[in-house]
Amino acid sequence: MARYLVTGGAGYVGSHLVLALIERGEEVVVLDNLRQGHRAAVPPEARLVVGEVGEPALLREVFSGPRFDAVFHFAALSLVGESMREPLRYCAENVANSLRLAEAAVRAGCRKFVLSSTAALFGDPERVPIDEEARLAPTSAYGESKLMVERGLEWADRVHGLRSACLRYFNAAGADPAGRIGEDHEPETHLIPLAIGAALGTRPPLTVFGADYPTPDGTCIRDYVHVSDLADAHIRVLNLLEERSVRYNLGNGTGYSVRQVIETVERIGGRPVPHSYGPRRAGDPAVLVASSERIRRETGWAPRFGALDDIVRTAWAWHAAHPRGFADRSA
Ligand code: UDP
């Protein structure tokens, strides 16, 4: 049995990794301040420590037990729009917390660090699909903060031998196929939960942000990747970290437009998605699609829920059963 630390393990992607680790019989400690995360998202088999990643005394305590085989770091400020109102807070918190955590890992003799990174590193890309050679040019302070963390981790490798995997997710979506956990953000800004909520009547009608993009139907194209497939990728990179650090782009490699997402939600849910068309949202590139060839080739990763139908089906099941998210879950 291996022992892992998962920061942000009560959040959306982190909790799906925690579940996958617990299912494999691993020992898991979750560190989460529960500002965005949910206590009920953490399975009882995991130990939940409530607190701040950037708190040195807490980090000392968390690392004082038996050595962790790896640290998975999800806890971060992660709203692109908010990061453009508070850029310094985003850079200061995300960078300092992450690098303090890496420092604590080094000090405790932990050799593997997996970072939840983002497609926001690429800003408005020069070409799609976006592979790992694409220019790193964030257009938000959020993306910049993650890029700074990736750079800090390069130094941690060079100087301390801390091997890191930086996984740049495209659009994380969907929910645990067994229906145990799912997406519950406050505020919610993501397309799929907002579209489902509009169809269920638990959220207001959806506003489509722009229908005048240079895409076939005029709406933005994104690469939606299932959250359980993301969790699987985190586990697969661990072996490689015995040897070297890696950076991977993680998506399905297929893009879907906002209109296609709405149509899929309507078909799967059997209800219309009330919506209207509004202006573009600042900073939205027309098309973001990943090339995940490298992680497929080097780890054998492949999405199990690659079809948009599968992603929407699992998300629909979660939201229909838990219209108020974790508040509706009997933990
Ligand atoms: N989107 C939209 N209306 C909404 C939320 C999102 O039209 O209320 C669009 C957004 O412009 C983007 C796509 O849906 O093209 C996915 O947005 P989301 O916020 O889910 O993820 P992002 O691509 O920003 O990471």
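Going by the structure above, here's the rest.
Residues numbered from 1 in each chain as written. Predicted model: local features only at pLDDT ≥ 70, side-chain atom pairs only at ≥ 80, totals over all residues. Heavy atoms only, no water.

Asks: Can you walk me through the sheet that holds strand S9 (residues 221–222) in this structure?
Replies: The strands that make up a sheet pair up through hydrogen bonds in the backbone, lying either parallel or antiparallel. A sheet is described by the order of its strands in space; here 3 strands give the open sequence S12-S9-S14, paired in mixed fashion. The sheet is open, and its two edges are formed by strand S12 (256–257) and strand S14 (287–288), each paired on a single side. Both S9 and S14 contribute to a ladder of 2 bridges, which runs parallel. Note that in S14 the partner of arginine 222 across the bridge is leucine 288. (Pairing = 2+ DSSP bridges. Helix = DSSP H or I, 4+ residues; strand = E, 2+ residues; numbered from the N terminus.)

Asks: When you look at the pairing of strand S8 (residues 206–209) in this model, what are you seeing that I'm missing?
Replies: Strand residues, when the strand is regular, have side chains that alternate between the two faces of the sheet. On S8, burial follows the alternation: Leu206 and Val208 on one face are buried, whereas Thr207 and Phe209 on the facing-out side are not. Direction of pairing for S8 relative to strand S13 (residues 275–278): parallel, over a ladder of 4 bridges. Bridge pairing links leucine 206 to histidine 275 in S13. (Buried < 20%, exposed > 50% of the residue type's maximum accessible area, 1.4 Å probe, protein only.)

Asks: Teacher, can you tell me more about the packing of helix H6 (residues 191–200) against helix H8 (residues 258–269) here?
Replies: Between two packed helices, what matters for the description is the angle formed by their axes and the separation of those axes. Here H6 crosses H8 at 45°, and the two axes come no closer than 10 Å. With respect to H8, the axis of H6 lies oblique. Handedness of the H6/H8 crossing: right-handed. Of the residues in H8, those touching H6 at Leu191, Ile192, Ala195, Ile196 and Ala199 are Val258, Val261 and Val265. Tallied by class, the residues present in the contact of H6 with H8 amount to 8 nonpolar, no polar and no charged. (Axes fitted to C-alpha atoms, helices over the stretch in contact; angles between N-to-C directions. Parallel < 35°, antiparallel > 145°, perpendicular 65-115°, else oblique. Left-handed = near helix turned anticlockwise from the far one by under 90°. Contact = heavy atoms within 4.5 Å. Nonpolar A, V, L, I, M, F, W, Y, C, P; charged D, E, K, R; others polar.)

Asks: Help me understand the site of the ligand in this model?
Replies: The environment of the ligand is made up of 15 residues, and the closest members are Leu191, Thr207, Arg222, Arg281 and Asp284. One of the backbone N or O atoms of threonine 189 is found 3.2 Å from an oxygen atom in the ligand. One of the side-chain N or O atoms of arginine 281 is found 2.7 Å from an oxygen atom in the ligand. For the ligand, whose free accessible area comes to 510 Å², the fraction covered by protein is 86%. Going through the elements one at a time, H6 and S8 are the ones with two or more residues in the shell around the ligand. Counting residues per element, the shell around the ligand draws most heavily on S8, which supplies 4 residues. (Near = heavy atom within 4 Å. Polar contact = N/O pair within 3.5 Å; in protein donor to acceptor, adjacent residues only side chain to side chain. Areas by Shrake-Rupley, 256 points an atom, 1.4 Å probe, with all protein chains shown as cover.)

Asks: For this particular structure, what's the right way to read the sheet that holds strand S6 (residues 163–169)?
Replies: The strand order across the open sheet built from 7 strands is S3-S2-S1-S4-S5-S6-S11, with neighbouring strands paired in parallel fashion. This sheet does not close on itself; its edge strands, each paired only once, are strand S3 (47–50) and strand S11 (246–250). Each strand axis lies, on average, 20° off the axis of its neighbour in the sheet, ignoring direction. Both strand S4 (residues 70–73) and strand S5 (residues 112–118) contribute to a ladder of 3 bridges, which runs parallel. Of the residues in S5, the one forming a bridge with histidine 73 is leucine 115.

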